[in-house]
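# Structure assessment
Listed below, chain by chain, are the residues.
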Amino acid sequence: MLSRGFDTGRWEAVAEGNIAELHADLGNLRLTIEHGIRGARLRRRLGDKDGEACALSAIARGMQGIGDHDRAIVLCRRAVDLGRRSIGSHDETLAWPLAVLATSWDALGRTDEALACRREAAAIYTDRGLDAEADTMRQHIRRSLSNGGRGSSWAPRCLPESANAEHRNDRDGGH
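## Description of the state of the cysteines
- The final tally for this structure, using the stated rule, is zero disulfides.
- No disulfide involves C76; its nearest neighbouring cysteine sulfur is the one of C117, lying 8.4 Å away.
- Residue C76 is classed as buried on the basis of its relative accessible area of 0%.

Following this line, the structure appears as structure tokens:
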């Protein structure tokens, strides 16, 4: 445990979240899940609901990668619930889990649910002035609609590279 004797475990939780997201971006699914679980446990223990929402989204990305969309949906729903009650940055704690959730809905052929998630995420990103992220959501919405409602594959790594870095950095400093 990194934090023993130094602080409450917050920095360890931040590190675990960063490592989980890095492994998700690299496609290292087992490590994504392992570090995400450790980060979520630490965040829960600390009472950090915003950080827990981010950690659950990272675990969900790992679950999506191994094809366990049912488990990813459970994790994302919990993250979305935490995000809706958040007093923090909704682009991190609500829009991000909604976007991850949309991926699993699409994979299961539930395009209406995926579209609803992406529309809400786009609105949050727009409200926060995060135009690149909002545009990414709208592109996937358009793609889904032009595909006759068959969905649009999306993973967080599809955000502009600067957006991925911003999400990771914001989660570090903001929680």
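From this point, the narrative continues.
## Let's talk about helix α5 (residues 90–107)
- Here α5 spans 25 Å end to end across 18 residues, near enough to the 26 Å set by a 1.5 Å rise per residue.
- Taken across its 18 residues, α5 has 16 buried, putting it largely inside the fold.
- Backbone geometry just downstream of α5 places G109 in the positive-phi region, at approximately 75 degrees.

## Topic: the pattern of salt bridges
- A complete count under the given rule lists 14 salt bridges for this structure.
- Note that D25 is salt-bridged to R61, the shortest N-O span being 2.8 Å. Taken together, the residues span a long stretch of sequence, with D25 in helix α1 (residues 10–26) and R61 in helix α3 (residues 49–65) at a distance of 36 residues.
- Judged by relative accessible area, D25 falls into the buried class, the value being 18%.
- Owing to a relative accessible area of 8%, R61 belongs among the buried residues under this scheme.
- Among the salt bridges present, the one from R85 reaches D81, with a minimum N-O distance of 2.9 Å.
- Among the residues examined, D81 registers a relative accessible area of 36% and is labelled partly exposed.
- Each of R44, E52, R78, D81 and R85 takes part in a single network of salt bridges with overlapping partners.

## Details of α3
- Relative to the 24 Å expected for 17 residues at 1.5 Å per residue, α3 spans 24 Å between its end C-alpha atoms, a close match to the ideal helical length.
- Burial analysis of α3 places 15 of its 17 residues in the buried class, which makes it a mostly covered element.
- Its side-chain oxygen placed 3.4 Å from the backbone nitrogen of D50, D48 serves as the N-cap of α3.
- Looking one or two places after α3, you find G67, whose phi comes out positive at around 85 degrees.

## Quick look at the packing of aromatic side chains
- The final tally for this structure, using the stated rule, is zero aromatic pairs.
- Above the ring of W11, the side-chain terminus of R10 is found at 4.4 Å from the ring centroid.

## Describing the packing of α3 against helix α4 (residues 69–84)
- Interhelical geometry of α3 versus α4 gives an angle of 165 degrees and a closest axis separation of 8 Å. The angle between α3 and α4 places the two elements in the roughly antiparallel class. Viewed along their axes, α3 and α4 form a crossing whose handedness is left-handed. For the pair α3 and α4, contact is made by K49, E52, A53, L56, S57, I59, A60, M63 and Q64 and by H69, R71, A72, L75, C76, R78, A79, L82 and G83, respectively.
- Split into classes, the residues belonging to the contact of α3 with α4 amount to 10 nonpolar, four polar and four charged.

## Notes on the packing of α3 against α5
- α5 packs onto α3 with a crossing angle of 15 degrees between their chain directions and a minimal axis gap of 9 Å. Relative to α5, α3 is oriented roughly parallel. The interaxial crossing formed by α3 with α5 has left-handed handedness. Touching D50, A53, C54, S57, A60, R61 and Q64 of α3 are E92, T93, W96, P97, V100, T103 and S104, all from α5.

## Considerations on the nonpolar core
- Residues L56, I59, L98, L101 and Y125 are the most contacted members of the largest nonpolar core, which totals 33 residues.
- Contributions of two or more residues to this core are made by α2 (29–46), α3, α4, α5, α6 (111–127) and α7 (131–146).
- It is α5 that contributes the most residues to this core, nine residues altogether.

Criteria and thresholds
Residues numbered from 1 in each chain as written. Predicted model: local features only at pLDDT ≥ 70, side-chain atom pairs only at ≥ 80, totals over all residues. Heavy atoms only, no water. Disulfide = S-S within 2.5 Å. Buried < 20%, exposed > 50% of the residue type's maximum accessible area, 1.4 Å probe, protein only. Helix = DSSP H or I, 4+ residues; strand = E, 2+ residues; numbered from the N terminus. Expected span 1.5 Å × (residues − 1). Salt bridge = Lys/Arg side-chain N within 4 Å of Asp/Glu carboxyl O. Polar contact = N/O pair within 3.5 Å; in protein donor to acceptor, adjacent residues only side chain to side chain. Phe/Tyr/Trp six-rings, centres within 6.5 Å; stacked < 30°, edge-to-face > 60°. Lys NZ or Arg CZ within 6 Å of the ring centre and 35° of its normal. Axes fitted to C-alpha atoms, helices over the stretch in contact; angles between N-to-C directions. Parallel < 35°, antiparallel > 145°, perpendicular 65-115°, else oblique. Left-handed = near helix turned anticlockwise from the far one by under 90°. Contact = heavy atoms within 4.5 Å. Nonpolar A, V, L, I, M, F, W, Y, C, P; charged D, E, K, R; others polar. Core = buried A, V, L, I, M, F, W, Y, C linked by side-chain atoms within 4.5 Å.

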